[in-house]
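Okay, here's what each chain looks like letter by letter:
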Amino acid sequence: RFDEGGAAASRGQARGDELAALLRDSSPFFSRARPRSTGREDFSSSWIDAVYTNASKRGLCAEDLLASAAQAIAIFVCESAVALAERAGQRVERMLVAGGGAKNAALRRSLEEEACRVLGCTVHATEDARTCGECAPIRGEAREVCLFAILGAKALGRQATACASVTGASDSSSAASWAIP
């Protein structure tokens, strides 16, 4: 199932106690040191099933769970932004949201609220030229094509494409290769 545009999450209410349990108990990812990256190894369909089952046992409906998840994501994004900015000796002035997250109304609303509260900054979707303007010169539909072109060029030049400062790995490495038919 897919929550198109965050419609179901927007109907739900984030519940602080359930949110705390989701953050604390659901995955070791949340306790790892930053920088960190994740994927299906941490948040697989079995993880989703387990979280949903546990939430149902506590009387949390699907909409409230989705709203709580959107809020949890916003909290972790803003906490990471604070940590990275402090490490760089800088301040976050604005946050850009791209891809599917920019199309999820519940996630956008949670990010906007959390970014304003924690960072004192604004949130813009890169696809929204009215509020983003010069901050994202590459149109949303073209971003993935441009990124793969950059990855291909770096792989051809044997440059790192997976940076340790982003992933938390011990070394930067090339995670891309050319496959010529």
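The structure displayed is predicted, hence computed values, not measured ones.

Engineer: Teacher, can you tell me more about the overall build of the protein here?
Structural biologist: What the protein contains, in helices and strands, is 8 helices and 2 strands. Burial status across the protein gives 34% buried among its 181 residues. Sequence-distant contacts in the protein: of pairs separated by 6 or more residues, those separated by 24 or more amount to 62%. Accessible surface computed for the protein: about 11,700 Å², of which carbon and sulfur atoms make up 56%.

Engineer: Quick question: what am I supposed to make of the nonpolar core here?
Structural biologist: Nonpolar side chains tend toward joint burial in soluble globular proteins. Counting 15 residues, the largest nonpolar core has Val92, Met95, Leu111, Ala115, Leu119 and Cys121 as the members making the most contacts within it. Contributing elements (two or more residues each) for this core: α4 (62-88), β1 (94-97), α5 (105-119) and β2 (122-125).

Engineer: Looking at this model, I keep getting lost on the pairing of β2. Mind explaining?
Structural biologist: On a regular strand, one side chain projects to one face of the sheet and the next to the other, so that they alternate. Inspection of the sheet shows β1 paired to β2 by 4 bridges, in the parallel sense. Each residue of the ladder has a partner; that of Arg94, found in β2, is Thr122. You can see the chain leave β1, run along α5 and come back into β2, and the turn it takes is right-handed.

Engineer: Help me out: how do you make sense of unusual backbone geometry in this one?
Structural biologist: In terms of backbone geometry, most residues other than glycine have negative phi values and most peptide bonds are trans. Positive phi, close to 55°, is recorded for Arg158, a residue that is not glycine. Position of Arg158 among the secondary structure elements: in the loop between α7 (140-156) and α8 (164-167). Since its relative accessible area comes to 78%, Arg158 is described here as exposed.

Engineer: What is the right way to look at α5 in this model?
Structural biologist: Between its terminal C-alpha atoms α5 stretches 20 Å, which fits the 21 Å expected from 15 residues at 1.5 Å a residue. Among all positions in α5, only Ala106, Leu107, Arg108, Ser110, Leu111, Glu114, Ala115 and Leu119 are buried. N-capping of α5 is provided by Asn104, with a side-chain oxygen placed 3.1 Å from the backbone N of Ala106. Where α5 terminates, the next one or two residues include Gly120, which has phi positive at roughly 65°.

Engineer: Looking at this structure, how should I read a nonpolar patch on the surface?
Structural biologist: A cluster of nonpolar side chains, contributed by Leu156, Trp178 and Ile180, occupies part of the molecular surface with about 410 Å² of accessible area. Relative to the helices and strands, Leu156 is located in helix α7.

Engineer: Could you clarify how one ought to interpret the layout of surface pockets in this entry?
Structural biologist: Sizing a probe to match a water molecule and rolling it over the atoms shows the empty space that remains. Estimated volume of the largest pocket: approximately 1,800 Å³. What lines the largest pocket is a set of 50 residues, among which Trp47, Ala69, Ala70, Ile73 and Leu107 lie closest to the centre. Counting residues per element, the ones that place at least two in the lining of the largest pocket are α1 (7-11), α3 (45-57), α4, α5 and α8.

Engineer: It is not clear to me how the pattern of salt bridges should be interpreted in this structure. Could you clarify?
Structural biologist: Between side chains of opposite charge, a pair can form as their charged atoms come close. Using the criterion set out here, one finds 4 salt bridges in the structure. Here Glu112 makes a salt bridge to Arg108, at a shortest N to O gap of 3.5 Å. Note that Glu112 and Arg108 are positioned in helix α5 at a spacing of 4 residues, about one turn of the helix. Exposure remark for Arg108: the relative accessible area of 18% places this residue in the buried category.

Engineer: Help me understand the packing of α4 against α5 in this model?
Structural biologist: Relative placement of two packed helices is described by the angle separating their axes and the distance separating the axes. Remark: α4 packs on α5, axes separated minimally by 8 Å, with the N-to-C direction vectors making an angle of 40°. Judged by the inter-axis angle, α4 sits oblique to α5. Like other packed secondary-structure pairs, α4 and α5 cross with a definite hand, here right-handed. Every residue of α5 that contacts α4 at Ala70, Gln71, Ile73, Ala74, Ile75, Val77, Cys78, Ala81 and Val82 is listed here: Ala106, Leu107, Ser110, Leu111, Glu114, Ala115, Val118 and Leu119. Class assignment for the residues of the contact of α4 with α5 results in 14 nonpolar, 2 polar and 1 charged.

Calculation notes
Residues numbered from 1 in each chain as written. Predicted model: local features only at pLDDT ≥ 70, side-chain atom pairs only at ≥ 80, totals over all residues. Heavy atoms only, no water. Helix = DSSP H or I, 4+ residues; strand = E, 2+ residues; numbered from the N terminus. Buried < 20%, exposed > 50% of the residue type's maximum accessible area, 1.4 Å probe, protein only. Contact = heavy atoms within 4.5 Å. Areas by Shrake-Rupley, 256 points an atom, 1.4 Å probe, with all protein chains shown as cover. Core = buried A, V, L, I, M, F, W, Y, C linked by side-chain atoms within 4.5 Å. Pairing = 2+ DSSP bridges. Right-handed = clockwise from strand over helix to strand, strands pointing away. Expected span 1.5 Å × (residues − 1). Polar contact = N/O pair within 3.5 Å; in protein donor to acceptor, adjacent residues only side chain to side chain. Patch = residues over 30% accessible without salt bridge, like charges linked within 9 Å, V, L, I, M, F, W, Y side chains within 5 Å. Salt bridge = Lys/Arg side-chain N within 4 Å of Asp/Glu carboxyl O. 1 Å grid on protein atoms, 1.4 Å probe; cavity = no way out; pocket = protein on both sides within 12 Å on 5 of 7 lines; lining within 4 Å. Points joined across faces, edges and corners; volume = space filled by probe spheres on them. Axes fitted to C-alpha atoms, helices over the stretch in contact; angles between N-to-C directions. Parallel < 35°, antiparallel > 145°, perpendicular 65-115°, else oblique. Left-handed = near helix turned anticlockwise from the far one by under 90°. Nonpolar A, V, L, I, M, F, W, Y, C, P; charged D, E, K, R; others polar.

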